[in-house]
Amino acid sequence: MTQVTTRRSGSITGARVCTILAFVFAAVAILFAPIIFGPAAIVLGLVGGYLGDRPLGWYAAAAGVAGGVIGVILGAIVLNAAN
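Caption draft 1: Representation of the overall build of the protein chain within the structure. Within the protein chain, the secondary structure is distributed over three helices and zero strands. For the protein chain, the sequential pattern of α-helices and β-strands runs α-α-α. Here the protein chain holds 83 residues, and 25% of them are scored as buried. Sequence separation of 24 or more characterises 55% of the internal contacts of the protein chain that already satisfy a separation of 6 or more. Accessible area for the protein chain stands at about 5800 Å²; split by element, carbon and sulfur atoms hold 71% of it.

Caption draft 2: Geometry of the packing of helix H1 (residues 14-31) against helix H2 (residues 34-50). Packing of H1 against H2 leaves a shortest axis separation of 8 Å and a crossing angle of 155 degrees. Relative to H2, H1 is oriented roughly antiparallel. Viewed along their axes, H1 and H2 form a crossing whose handedness is left-handed. Taking contact as the criterion, the partners of Ala15, Cys18, Thr19, Leu21, Ala22, Phe25, Ala26, Val28 and Ala29 in H1 are, on H2, Pro34, Phe37, Gly38, Ala40, Ala41, Leu44, Gly45, Val47 and Gly48. Taken together, the residues that form the contact of H1 with H2 break down as 14 nonpolar, four polar and no charged.

Caption draft 3: Layout of the pattern of salt bridges. Going through the model one piece at a time under the given rule, you end up with one salt bridge. Measuring nitrogen to oxygen at the nearest pair gives 2.9 Å for the salt bridge that ties Asp53 to Arg16. Note that Asp53 is positioned in the loop between H2 and helix H3 (56-82) and Arg16 in helix H1, a separation of 37 residues in sequence. Residue classification places Asp53 among the buried positions, given a relative accessible area of 7%.

About the cut-offs
- Residues numbered from 1 in each chain as written.
- Predicted model: local features only at pLDDT ≥ 70, side-chain atom pairs only at ≥ 80, totals over all residues.
- Heavy atoms only, no water.
- Helix = DSSP H or I, 4+ residues; strand = E, 2+ residues; numbered from the N terminus.
- Buried < 20%, exposed > 50% of the residue type's maximum accessible area, 1.4 Å probe, protein only.
- Contact = heavy atoms within 4.5 Å.
- Areas by Shrake-Rupley, 256 points an atom, 1.4 Å probe, with all protein chains shown as cover.
- Axes fitted to C-alpha atoms, helices over the stretch in contact; angles between N-to-C directions.
- Parallel < 35°, antiparallel > 145°, perpendicular 65-115°, else oblique.
- Left-handed = near helix turned anticlockwise from the far one by under 90°.
- Nonpolar A, V, L, I, M, F, W, Y, C, P; charged D, E, K, R; others polar.
- Salt bridge = Lys/Arg side-chain N within 4 Å of Asp/Glu carboxyl O.

From the geometry alone we can't say anything about function, so treat these as descriptive.
Encoded structure:
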């Protein structure tokens, strides 16, 4: 007799949730509070990557870095233009 194991193809793991939140935080960091949401995206991306959502977790961490840097640059431009 053969043993059949099934895996739900639509199951969402904790690693995938961390990765999705990291991408969302990276996008939010561009417009709102990049000092808070950028590092949060980096941490969540790294956690997602370490928990097994590779390479998407690493991409999310990189997006967190990019979102934080772009958000800080845009904030500086807006503040400079207001003066």
